[in-house]
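# A closer look at the structure
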Amino acid sequence: MQILRNRAGIIWLVLLGVSLAAAVAIPLTLWARSSAEPGSVGARQLSAMPSPAASSQFVPVPIGIVIPSLGVDTRVLPVALDSARALDIPADIRLAGWYELGVAPGADRGSAVIVGHRDGQDQGHGVFYELGALNPGDHVSVLNSAQQSLDYTVIAREFIPKKRLPLAELFAIDGSPRLTLVSCGGAYDSANGGYQDNVVVTAVPTSNPEL
């Protein structure tokens, strides 16, 4: 995976080329670490300004995600910062990660971001291997720590060149509530750092939480 830089150039992460960003006020520099095989995916440089205090609204955290059309049913772990200001990604690429410095699924505004690996050299297919096969109208459910099932309907799926990601939009903490799923996709070019695109899926709430 190659290195991607946006103009602000203030967040780094290693996650199969997945981008994380939030349009808030405090810049941080991160190097995200992943146990997925770096030879197959590499690193991307990103920009973001995450803040744990981005919203004062209390919302239970996501702990699982189900995508019936893809056969995905897995745990979601929070993506946190370590003492080196690095992002710790789940060692098991079959698990997804929620960007906890942004908003949580179920919040009344903003883009709740869940990221996942496409694949790894040794571990094979990742949790979001087939994310690019989702279509508008497909359903996604997120289970949270209050044992609520939050239902979403896909409204858009895009393959976006990594150098053109609209980070402020995808990882915004304001605007209408939505779920954003991100992974790698597109052509794989080993000479140019790996996957050349990000798959970005946008889904909107379709029901109230079910206890």
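Please read these numbers as outputs of a predicted model, since none were measured by experiment.

Attention now moves to the pairing of strand 7 (residues 111–115). Walk down a regular strand and you will see the side chains alternate between the two sheet faces. Counting buried positions over the five residues of strand 7 gives five, a clear majority of the element. Side chains S111, V113 and V115 project from strand 7 onto one buried face, and the interleaved A112 and I114 project onto a second face that is buried too. As judged from the two bridges shared by strand 6 (residues 96–99) and strand 7, these two strands associate in the antiparallel manner. Along strand 7, the bridge assignment pairs W98 with I114. Where strand 7 lies against strand 12 (residues 178–189), five bridges are found, and the strand directions are parallel. Pairing of S111 across the sheet is with R178, part of strand 12.

A few words on the packing of aromatic side chains. Summed over all chains, the structure comprises one aromatic pair. Residues Y188 and Y195 carry aromatic rings whose centres are separated by 4.9 Å and whose planes lie at 75° to one another, so their mutual orientation is edge-to-face. Residue Y195 is classed as buried on the basis of its relative accessible area of 7%. The ring of Y129 has R118 lying over it, and the distance from NZ or CZ to the ring centre is 4.3 Å.

On to the pattern of salt bridges, then. Under the defined criterion, the tally for this structure stands at three salt bridges. Between R94 and D92 there is a salt bridge, and its shortest N-O distance comes to 2.8 Å. In this structure D92 comes out as partly exposed when scored by relative accessible area, which is 23%. A salt bridge links R109 to D108; its shortest N-O distance comes to 2.9 Å. In this structure R109 comes out as partly exposed when scored by relative accessible area, which is 32%.

Let us now look at the nonpolar core. Counting 28 residues, the largest nonpolar core has I65, I67, I114, L179 and L181 as the members making the most contacts within it. Looking at this core, the elements with two or more residues in it are strand 3 (62–67), strand 4 (72–81), strand 6, strand 7, strand 10 (139–144), strand 11 (149–161), strand 12 and strand 13 (194–205). Other than its neighbours up to four places away in sequence, L179 contacts P105, A112, I114, V140, V142, Y152, V201, T202 and A203. With 11 residues, the next largest nonpolar core counts Y99, L101, I160 and L165 among its residues.

Tracing the chain through its elements places D151 in strand 11. For the buried D151, which has no salt bridge, the nearest side chain bearing the opposite charge is R178, at an N-O separation of 18 Å. Separated by 2.9 Å, the side chains of D151 and S141 make a polar contact.

Negative phi is the rule for most residues except glycine; trans is the rule for most peptide bonds. With phi around 60°, Q147 is a residue other than glycine that occupies positive phi space. Relative to the assigned elements, Q147 resides in the loop between strand 10 and strand 11.

Criteria and cut-off values
Each chain has its residues counted from 1, running along the sequence as written. Where totals are concerned, whole chains, interfaces and linings use all residues; where local detail is concerned, this predicted model gives features only for residues with pLDDT of at least 70, and gives and counts side-chain atom pairs only at 80 or more. With hydrogens and water stripped out, all remaining heavy atoms of the structure feed into the side-chain values. Only protein chains enter the accessibility calculation, which uses a 1.4 Å probe; a residue is then buried when its area is under 20% of its type maximum, exposed when over 50%, and partly exposed in between. Numbering of helices and strands runs from the N terminus, with a helix taken as a DSSP run of H or I at least four residues long and a strand as a DSSP run of E at least two residues long. Being paired, for any two strands, means DSSP has found at least two bridges between them. When the centres of two rings from Phe, Tyr and Trp lie within 6.5 Å, Trp using its six-membered ring, the rings pair. Their planes under 30 degrees apart give stacked, over 60 give edge-to-face, and anything left gives tilted. Comment: the charge-over-ring label is applied if NZ (Lys) or CZ (Arg) is within 6 Å of the ring centre and within 35 degrees of the ring normal. Note on definitions: salt bridges are taken to be side-chain nitrogens of Lys or Arg within 4 Å of carboxyl oxygens of Asp or Glu. Buried Ala, Val, Leu, Ile, Met, Phe, Trp, Tyr and Cys residues form a nonpolar core when they are joined through side-chain atoms within 4.5 Å. Residue contacts are counted whenever heavy atoms from the two residues lie within 4.5 Å of one another. Here Asp and Glu are counted as negative and Lys and Arg as positive; His is not counted, and neither are the chain ends. Nitrogen and oxygen atoms within 3.5 Å of one another constitute a polar contact, given that in protein one can donate a hydrogen and the other can accept it, and given that sequence-neighbouring residues count only through two side-chain atoms.

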